[in-house]
Amino acid sequence: MTTPDKNNNDNLQLVPEIILKKKHDMDEMKARRTAQQILHPKGNNKVFRRSSNSSSKSSKKVSAAVKIMKPETILARARSQRNHSIRYKRVLKKGMMKRASDKQVVKKKKVDLPDGSGNKDPMENEEDEDIDVNVNDEMDTGNKNTNSKDVMVDYASNSVGSKLVFVVRIRDPNGMPKNVKRILTLMKLKSVNEGVFLKYDERTRKQLHLIEPWVTYGIPSKGIISDLIHRRGHGKIDGKRIPLSDNTVIERELGKKTDGEVICVQDIVEELYSAGKQFQKVNQFLWTFQLAAARSKFQKQKLNFKDGGDYGDRGEEMDDLVRQML
């Protein structure tokens, strides 16, 4: 008759209580999630399928993710595209009517200027643009001068009468008609937060009115043009995006094309600001400006700029937006 062995439990290791508690919490959380999925099934947003070549034994099985769109999303995009197509045809036939003025609209705004600067309006003359840039920089950084004073200055709230505008695309292609997409492609605005310089004539003004819900534009100052070229400027050389870090690159690419009129970054700034005879060649050389988003996607409002939104004609207030996107 065999004698009973010692208790096998003596060889077991003791598990700390904190580990047991964590395991219990994990099991409880998994049970709660399983119950939630049974009560409120959400469904899968993706369906995995095998590739067409998976039938052969030698080919590897590759799973491709297929995004399934909700019917509500498809209907909303179709409705938006239909409404924008109606707007496009109306603007193409009748114009903006009373929605855009044919004359320059001048408004007033309050600007903090340091004492000693005088009562001179910084926006009346082109020579005072550096003062305007410095004032805006102080307002952005929040370092207010104790000796500053509030001055009411005049500014143009639309771009009528200007030779140059800077256009920025602010909207994704959801619900976009084909006609609008074609105009944006001609302007080299293929992605959101991209900007280009354009001569502001009757033809450009008509095109901007047609695509207005997708872009915002305005009159850039000379200081902003210089900041764009120095900080975000790239040239197109042999189909490649090359930064404008050296004037020799500009002289080699634009020297012969412009008969020696544009050989450095400062010449590009002057030519863009004045919209001179070499503007087209300089603009073709420049790569589309890729800017940063000024605000988050949740903070954007799909309204006209005059109504507190983003898109539309900003006039001389375009500098404030570009400074946020640099």
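This structure is a prediction, so every number in the text was calculated from the model and none was measured. Each chain has its residues counted from 1, running along the sequence as written. Local features are withheld for residues below a pLDDT of 70 in this predicted model, meaning they are given only at 70 or higher, and side-chain atom pairs are given and counted only at 80 or more; totals for whole chains, interfaces and linings count all residues. Where side-chain values are given, they derive from all heavy atoms of the structure, hydrogens and water being excluded.

**Considering the packing of aromatic side chains**
Any Phe, Tyr or Trp ring, taking Trp's six-membered ring, that has another such ring centre within 6.5 Å forms a pair; planes under 30 degrees apart are called stacked, those over 60 apart edge-to-face, and the others tilted. Evaluated as defined, the whole model comprises 3 aromatic pairs. Between Phe166 and Phe197 the ring centres are 4.8 Å apart and the planes differ by 55°, which places this aromatic pair in the tilted class. Placement of Phe166 in strand S5 (residues 164–169) and of Phe197 in strand S6 (residues 194–199) is noted, with a sequence separation of 31 residues between them. The pair formed by Phe166 and Phe197 is uniform in burial state, with each residue classed as buried. On the basis of an interplanar angle of 70° and a centroid distance of 6.0 Å, the ring pair of Phe166 and Phe289 is categorised as edge-to-face. Of this pair, Phe166 sits in strand S5 while Phe289 sits in strand S10 (residues 289–290), and the two are 123 residues apart along the sequence. With relative accessibility at 1%, the residue Phe166 sits in the buried group. In textbook terms, an aromatic cluster arises when at least three aromatic residues are bridged by ring pairs, as seen for Phe166, Phe197 and Phe289. Placement of a positive charge over a ring is assigned whenever Lys NZ or Arg CZ falls within 6 Å of the ring centre and within 35 degrees of the normal to the ring plane. One Lys or Arg, Arg171, reaches over the ring of Trp214 and ends 5.1 Å from the middle of that ring. Here the guanidinium or amino end of Lys236 rests over the ring plane of Trp287, the centre of that ring lying 5.8 Å away. Helix numbers and strand numbers start at the N terminus; a helix is a DSSP run of H or I with at least 4 residues, a strand a run of E with at least 2. To sort residues, take the accessible area from a 1.4 Å probe on protein chains only and compare it with the maximum for the residue type: under 20% means buried, over 50% means exposed, and anything in between is partly exposed.

**Some thoughts on a nonpolar patch on the surface**
Patch definition: residues with relative accessible area over 30% and no salt bridge; like charges joined within 9 Å; nonpolar side chains (Val, Leu, Ile, Met, Phe, Trp, Tyr) joined within 5 Å. Calculation of accessible area relied on Shrake-Rupley with a 1.4 Å probe; when residues are assessed, cover is drawn exclusively from the protein chains displayed. Note on definitions: salt bridges are taken to be side-chain nitrogens of Lys or Arg within 4 Å of carboxyl oxygens of Asp or Glu. A cluster of nonpolar side chains, contributed by Val15, Ile18, Ile19 and Leu20, occupies part of the molecular surface with about 380 Å² of accessible area. Mapped onto the fold, Ile18 is located in helix H1 (residues 17–39). When its relative accessible area of 55% is taken as the criterion, Ile18 is described as exposed.

**Considering the packing of helix H6 (residues 222–232) against helix H10 (residues 318–325)**
Running from N to C, H6 and H10 cross one another at 20°; their axes reach a closest spacing of 11 Å. Accordingly, the angle class assigned to the pair H6 and H10 is roughly parallel. As H6 packs across H10, the resulting crossing turns out to be left-handed. Across the interface between the two elements, Ile224, Leu228 and Arg232 from H6 touch Asp319, Val322, Arg323 and Met325 from H10. Under the scheme applied, nonpolar residues are Ala, Val, Leu, Ile, Met, Phe, Trp, Tyr, Cys and Pro; charged residues are Asp, Glu, Lys and Arg; polar residues are all the others, including Gly. Along the lines of polarity and charge, the residues of the contact of H6 with H10 split into 4 nonpolar, no polar and 3 charged. In this analysis an axis means a line fitted to C-alpha atoms, helices contributing only their contacting stretch, and an angle means the value between N-to-C directions, from 0 to 180 degrees. With respect to orientation, any angle under 35 degrees is reported as roughly parallel, any angle over 145 as roughly antiparallel, any angle of 65 to 115 as roughly perpendicular, and every other angle as oblique. The crossing is said to be left-handed when, going from far helix to near helix, the turn is anticlockwise and less than a right angle, and right-handed when the turn is clockwise. Should any heavy atoms of two residues lie within 4.5 Å, those residues are counted as being in contact.

**A word on the environment of His84**
On the secondary structure map, His84 appears in helix H2 (residues 71–94). When its relative accessible area of 15% is taken as the criterion, His84 is described as buried. For the pair His84 and Ile211, spaced 127 residues apart in sequence, the C-alpha separation works out to 9.4 Å. The residues touching His84, leaving out its near neighbours within four places in the chain, are Arg171, Gly175, Pro177, Pro213 and Trp214.

**A word on the pattern of salt bridges**
Applying the stated criterion across every chain, the model contains 7 salt bridges. One salt bridge connects Asp154 with Lys108, and the closest N-O pair in it is separated by 2.7 Å. Placement of the pair is Asp154 in strand S4 (residues 148–156) and Lys108 in strand S3 (residues 106–114), with a sequence separation of 46 residues. Note on Asp154: relative accessible area 27%, which makes it partly exposed. Arg323 serves as the salt-bridge partner of Asp320, at 3.6 Å between the closest nitrogen and oxygen. Residue Asp320 and its partner Arg323 are located together in helix H10, separated by 3 residues, close to a single helical turn.

**What to know about the confidence of the model for the protein chain**
Looking at any residue, its pLDDT shows the predictor's confidence there, from 0 to 100. Averaged over every residue, the pLDDT of the protein chain is 76; residues scoring 70 or more account for 72%. Here residues 54–59 is modelled with pLDDT under 50, and outside its nearest four sequence neighbours on either side it reaches 2 contacts, counting other chains as well. Low pLDDT (under 50) marks residues 122–127, which in the prediction has 10 contacts with non-local residues, meaning those over four places away or in another chain.

**Concerning the pairing of strand S9 (residues 240–243)**
Here, strands pair whenever DSSP counts at least two bridges between them. Here 4 bridges tie strand S8 (residues 234–237) to S9, and the two strands are oriented antiparallel to one another. Looking across to S9, one finds that Lys236 is bridged to Arg241. What sits between S8 and S9 in their antiparallel hairpin is a turn of 2 residues, with Asp238 showing a positive phi close to 55°.

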